[in-house]
Amino acid sequence: MNVVQTVLWKLINPIAIVTARCADNMSGFVASWITQVSFVPPLIMVAVNPLHYTYELIVKSNAFAVNILRTDQAELVDVFGKSSGRKVAKFASAAYDLGSTGSPILKDCLAFVDCNVMWTREAGDHVLVVGSVANAAITSDGETLQEARSMYTQRASIGTRHRGINNGEA
Ligand SMILES: Cc1cc2nc3c(=O)[nH]c(=O)nc-3n(C[C@H](O)[C@H](O)[C@H](O)COP(=O)(O)O)c2cc1C
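Residues numbered from 1 in each chain as written. Predicted model: local features only at pLDDT ≥ 70, side-chain atom pairs only at ≥ 80, totals over all residues.

What about unusual backbone geometry?
The cut-off we apply is this: Runs of H or I in DSSP of at least four residues are treated as helices and runs of E of at least two as strands, each being numbered from the N terminus. Exposed residues have 12 or fewer other C-beta atoms within 10 Å of their own C-beta, buried residues have 20 or more, and partly exposed residues fall in between, where C-beta atoms are placed from the backbone.
Geometrically, the link from Val-40 to Pro-41 is a cis peptide bond, its omega value of -5 degrees lying close to zero. A positive phi angle is found at Ala-23, which is not glycine, with a value near 55 degrees. On the secondary structure map, Ala-23 appears in the loop between strand 1 (16–22) and strand 2 (25–31). On the basis of neighbour count, Ala-23 is assigned to the exposed category, with 9 C-beta atoms found within 10 Å. Non-glycine residue Asn-62 carries a positive phi angle of around 60 degrees. Tracing the chain through its elements places Asn-62 in the loop between helix 2 (53–61) and strand 5 (63–68). Of the residues examined, Asn-62 has 16 C-beta atoms within 10 Å and is grouped as partly exposed.

If you want it as structure tokens, here you go:
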């Protein structure tokens, strides 16, 4: 592992499920490269690998939702972060409603942000997707699941390497 990547893994990121839907097709992926980028208007940005199925649906629908997970929801990372929605029906075990943009909103999450795509721009091997917030709500009590506090403390350049909780290797 090079020094740059080792340093960048010191950044603390939230863990959320970014969802999108186009007609009968929908998917969601685990994302940690998410941040607010403007107060007025409220804008958020997600760095998305353009090979992801969900990216295809974001582009087609021009919308996405960010479902922020609680610390007790690390098991959802296995469902949404390890396989492609092209092969797996990820929502089979995750109840959802459709938000105002048409994107799936997980019924059981800490909070959600429903967005319309404002612009996209390539950034290396990812695409920065900036969304204007159409709706947002806190849907349960709890704390935000974060990379450094969960078992998902390290992300390799492709996929994820899982580490134990509090193993001091974040
Ligand atoms: C902890 C964790 C964080 C991740 N963060 C991102 C991210 O910020 N951006 C991204 O494009 N992929 C990220 N991924 C990878 C996707 O979640 C994963 O490749 C997913 O299976 C893609 O699903 P899809 O093809 O159905 O869209 C992350 C995965 C994990 C486990």
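So, next bit.
Describing the pairing of strand 8 (residues 111–123)
The condition that has to hold: Strand pairing follows a simple DSSP-based rule, namely that at least 2 bridges must link the two strands.
Pairing analysis gives 6 bridges linking strand 5 to strand 8, with the strands arranged antiparallel. By the bridge assignment, Phe-64 is partnered in strand 8 with Cys-115. Note: strand 8 against strand 9 (residues 126–138), 12 bridges, orientation antiparallel. Looking at strand 9, one finds that Ala-123 is bridged to His-126.

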